[in-house]
Each structure stands twice: as structure tokens, then as C-alpha cells.
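Observations on the three-dimensional arrangement
As a plain string of letters, each chain reads:
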Amino acid sequence: MIKLAVVGVGALGGHHARIYSELPDAELVAVVDIDPDKAQQVASLYHCQSYSQYEEILDSVEAISLAVPTREHARIGVEFLKRDVHVLVEKPIAQNLEEADQLIQAQKKSGALLQVGHTERFNPALLAVKPVVRQPQFFETHRLGIFVPRSLDVDVILDLMIHDLDIILHLVDSPIQDIRAVGIPVLTPRIDIANARLQFENGCVANVTASRVSREKIRKLRFFQPQEYVSIDFHKQEVEMFHLQEGETMQIAERHFEIERDEPLKLELQTFLNAIAGKQSSDQEPFGCSGEEGKRALELALKVKNSALNP
């Protein structure tokens, strides 16, 4: 069993603690939060120790989930990596590329594992579709959420849109040629709703929309490739796929997918544990996000943000 801790047990970190407490190959030994009452509350739920300072557990765990505000990712993550502690850091990997590099370099020096929490990679609907992705030519994504007073240290591009940017980068094997974006603040001083148009060198186009001030929760990605249309609903974990069926007459036929619904975060944390244990993943299993891939998603998100702020 791998001895783990969760550093930062707010809304998301609390779920990390819950899942680790349920996984058979994980031993949740501690939770850390600068709010000692919150740390104690979570620790009592999952029968582990609570601390208010991460320094207290630096030498007593094998791995951590890091779910603190983005501005603290590099500072804290590097300290654990220096001690050969495996780190799963929530997305975005850092608040800028320099800090992302600090984490990546610390990982390379130590040999410990660094993964970035791009949870949608582990959505069963995306996992079902991944084997049929061939040559996407057009993407349209909508990631809309109801306003909640968390993750407000970053804008909606780094909070929500970055999920879809990471997925698109993973599915399109081509450099980006052009970025056009717009974004406005609504309820916070930062961008709360944004749209970006990405043009890839191979001709693929992606139209990406994200909002954290909507009245309903929508998590959808659609893409077209030669003779096929695919629609993924991340929230419902459902897929629709239509393709051109040639015969005496041309018809549109639907393909059905068997999807084993599960909690994406649970699959992500299990993949993290498997990687620590050295277990190999097959093409059909979830694919973790490396530090370099997390940096690539951050770099694109920052370019989208710059385009929105400087139209």
C-alpha cells in the first residue's frame, strides 16, 4: 500500500481524500490544510492525521495530491519532489510557464512521478471514443458552469477551458497556427466567460467556449472527421456517433458505445497509484497527464488569455 496525503482539502481536495480512503492500494495517512478545523474535519471522516502545515509531512509520505490554490503549486510541489515524493498536482500545473518548469525540473532531478490533474482525460465517455479518433477536422466545445465561489484565483480559461484545450491538443497531431479569442469579466475581476478559435497547421479548427456564470452545467465536445460526427457529453458520460454508410444508397447510421460509467477522479487517482507501482497501462485504459503535457495545456491557455486581453 502506498502512503499518501492530500495537501489542501477544499471542495476538490476533500474528494481526493474520500477516494484514497476507498482504494485498496492506498493508505491515506494525512490531510493538510491551512484551516486546521477543516483539516481536522476531513481527517475525522477518513480516519487519518490532520496537519495545518505541509512541512510536517515532507518525510513521512510516499505520494501526495496537491489541491491548493494554483499560485502555491510550484512552491509546495517542488519541496515534495525534492524528497522523492510522487506528486499529483491539480490543473493548471502552475500559474505561469516558469513555475511549471520548476516542477518539471524537480521531477527530472528526483525521478519521482509528476502528474497533472486533467480529470476529463479519465471520463469514460472520452475513453470510449478515443480509439475511433482518426483525423478530426472541426471541434466545438461548450463547458459552462453555475457560478460558485471557488477557484477564483484563476480566470475561466485556466479554470474550465483548459480541460478542453488539453483534450484537443491530445487528439490533434498538428501545431497551432493561429489563435483568436474574446473574454469578459462578469462577476469577478477576471475573465468569467470566453471563446477561442484555434486554427491548426493541418487545417483543423476548434471553437472552444467556457463560462462560469451560466444557469446550467454543460460539458460537451463535438468533432467532425471524414464521414463521421461524434458528440461527447462529459456530464452525462454519453456518446453519439454518426457515420456515412455506403451501399445502394448513402445513409447516415448511428454507432452505439458501451460505456462503463465511473467517477473520472477515481480513475485518475487509480492511474496515479498504478504509475507509482510501475503497472503498465494499455491503450484502452486511462492515460495520465505528464508534467510536460500539463505545461503544454497551460501554455495554450495563457496564449488564449493573452489573445482575449489583447484583441
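Quick note: structure is the one above.
Since we're looking at a predicted model, the values are computed, not measured. Counting restarts for each chain: residues are numbered from 1 in the order of the written sequence. Whole-chain, interface and lining totals are the exception, using all residues; otherwise, since this is a predicted model, local features are given only for residues with pLDDT of at least 70 and side-chain atom pairs are given and counted only at 80 or more. The basis for the side-chain values is all heavy atoms of the structure; hydrogens and waters are excluded.

1. Overview of the environment of Ile 146
What counts here: Secondary structure elements follow DSSP: runs of H or I no shorter than four residues count as helices, runs of E no shorter than two count as strands, and numbering proceeds from the N terminus. Any two residues whose heavy atoms approach within 4.5 Å at even a single point are treated as in contact.
Tracing the backbone shows Ile 146 in the loop between strand 7 (138-144) and helix 6 (156-171). Once you skip the residues sitting within four places of it in the chain, Ile 146 turns out to touch Arg 212, Ser 214, Arg 215 and Glu 216.

2. Quick word on the side chain of Thr 70
How we decide: Exposure is judged per residue with a 1.4 Å probe applied to protein chains only, and the accessible area is read against the type maximum: over 50% gives exposed, under 20% gives buried, and values in between give partly exposed.
Here Thr 70 is to be found in the loop between strand 4 (63-66) and helix 3 (73-82). By relative accessible area, Thr 70 is classed as buried at 5%. Beyond its immediate chain neighbours, meaning those up to four positions away, Thr 70 contacts Pro 92, Ala 94, Gln 95, Asp 153 and Val 154.

3. With respect to the nonpolar core
Soluble, globular proteins show a tendency: their nonpolar side chains are buried together. Put simply, the test is: By nonpolar core is meant a set of buried Ala, Val, Leu, Ile, Met, Phe, Trp, Tyr and Cys residues that side-chain atoms within 4.5 Å join together.
Grouped together as the largest cluster of nonpolar side chains are 75 residues, with contacts concentrated most on Val 7, Ile 64, Phe 80, Phe 139, Met 161, Leu 198 and Val 304. With 11 residues, the single largest contributor to this core is helix 6. Here Ile 64 is in contact with Ala 5, Val 7, Phe 80, Val 85, His 86, Val 87, Leu 88 and Phe 272, once residues within four sequence places are set aside.

4. Things to note about the sheet that holds strand 4
Sheet strands pair via backbone hydrogen bonds, and the direction of the pair is either parallel or antiparallel. Stated formally: The pairing criterion is simple: DSSP has to find at least two bridges between the two strands. Axis definition: a line fit to C-alpha positions, over the contact stretch in the case of helices; interaxial angles, taken between N-to-C directions, run 0 to 180 degrees.
Pairing in this open sheet of 6 strands is parallel, and the strands run 3-2-1-4-5-6 from one edge to the other. The sheet terminates laterally at strand 3 (49-51) and strand 6 (114-117), the two strands that pair on one side only. Within this sheet the neighbouring strands show an average axis-to-axis angle of 20°, counted without direction. Direction of pairing for strand 1 (residues 2-7) relative to strand 2 (residues 26-32): parallel, over a ladder of 6 bridges. Residue Val 6 lies in a different strand from strand 2, and its bridge partner there is Val 31.

5. As for the packing of helix 6 against helix 8 (residues 291-309)
As a reminder of what qualifies: Any angle that falls under 35 degrees is termed roughly parallel, while one over 145 is termed roughly antiparallel, one within 65 to 115 roughly perpendicular, and all others oblique. In this scheme the crossing of two helices becomes right-handed for a clockwise turn of the near helix relative to the far one and left-handed for an anticlockwise turn of less than a right angle. We call Asp, Glu, Lys and Arg charged. Ala, Val, Leu, Ile, Met, Phe, Trp, Tyr, Cys and Pro are nonpolar, and the rest, Gly among them, are polar.
The contact between helix 6 and helix 8 brings their axes to 9 Å, and the two run at 120°. Classified by the angle their axes make, helix 6 and helix 8 are oblique. When the axes of helix 6 and helix 8 are compared, the crossing they make is right-handed. From helix 6, Ile 157, Leu 158, Met 161, Ile 162, Leu 165, Asp 166, Leu 169 and His 170 reach across to helix 8, where they touch Glu 293, Arg 296, Ala 297, Leu 298, Leu 300, Ala 301, Leu 302, Val 304 and Lys 305. Classifying every residue of the contact of helix 6 with helix 8 gives 12 nonpolar, 1 polar and 4 charged.

6. A word on a nonpolar patch on the surface
Put simply, the test is: Each patch groups residues whose relative accessible area exceeds 30% and which form no salt bridge, using 9 Å between like charges and 5 Å between nonpolar side chains of Val, Leu, Ile, Met, Phe, Trp and Tyr. To measure how exposed things are, a 1.4 Å probe is used in the Shrake-Rupley method; for residues, cover is taken only from the protein chains shown. Only one rule defines a salt bridge in this text: a Lys or Arg side-chain nitrogen within 4 Å of an Asp or Glu carboxyl oxygen.
Together, Ile 184, Val 186, Leu 187 and Ile 193 give the surface a local cluster of nonpolar side chains, amounting to about 340 Å² of exposed area. If you trace the backbone, Ile 193 turns up in strand 9 (residues 193-200). The exposure class assigned to Ile 193 is partly exposed, which follows from its relative accessible area of 32%.

7. A short note on the pairing of strand 11 (residues 218-225)
The alternating pattern of strand 11 places Arg 219, Leu 221, Phe 223 and Gln 225 on a buried face and Ile 218, Lys 220, Arg 222 and Phe 224 on a face that is not buried. In terms of strand pairing, strand 7 meets strand 11 through 7 bridges, oriented antiparallel. Paired with Arg 143 across the two strands is Arg 219, which belongs to strand 11. Pairing analysis gives 6 bridges linking strand 11 to strand 12 (residues 228-233), with the strands arranged antiparallel. Residue pairing for strand 12: Leu 221 is matched across the bridge by Ile 232.

8. Focus: the packing of helix 1 (residues 11-22) against helix 7 (residues 264-277)
Helix 7 packs onto helix 1 with a crossing angle of 60° between their chain directions and a minimal axis gap of 10 Å. Relative to helix 7, the crossing made by helix 1 is right-handed. For the pair helix 1 and helix 7, contact is made by Leu 12, His 15, His 16, Ile 19 and Tyr 20 and by Leu 265, Lys 266, Leu 269, Phe 272 and Leu 273, respectively. Here the contact of helix 1 with helix 7 is built from residues that sort into 7 nonpolar, 2 polar and 1 charged.

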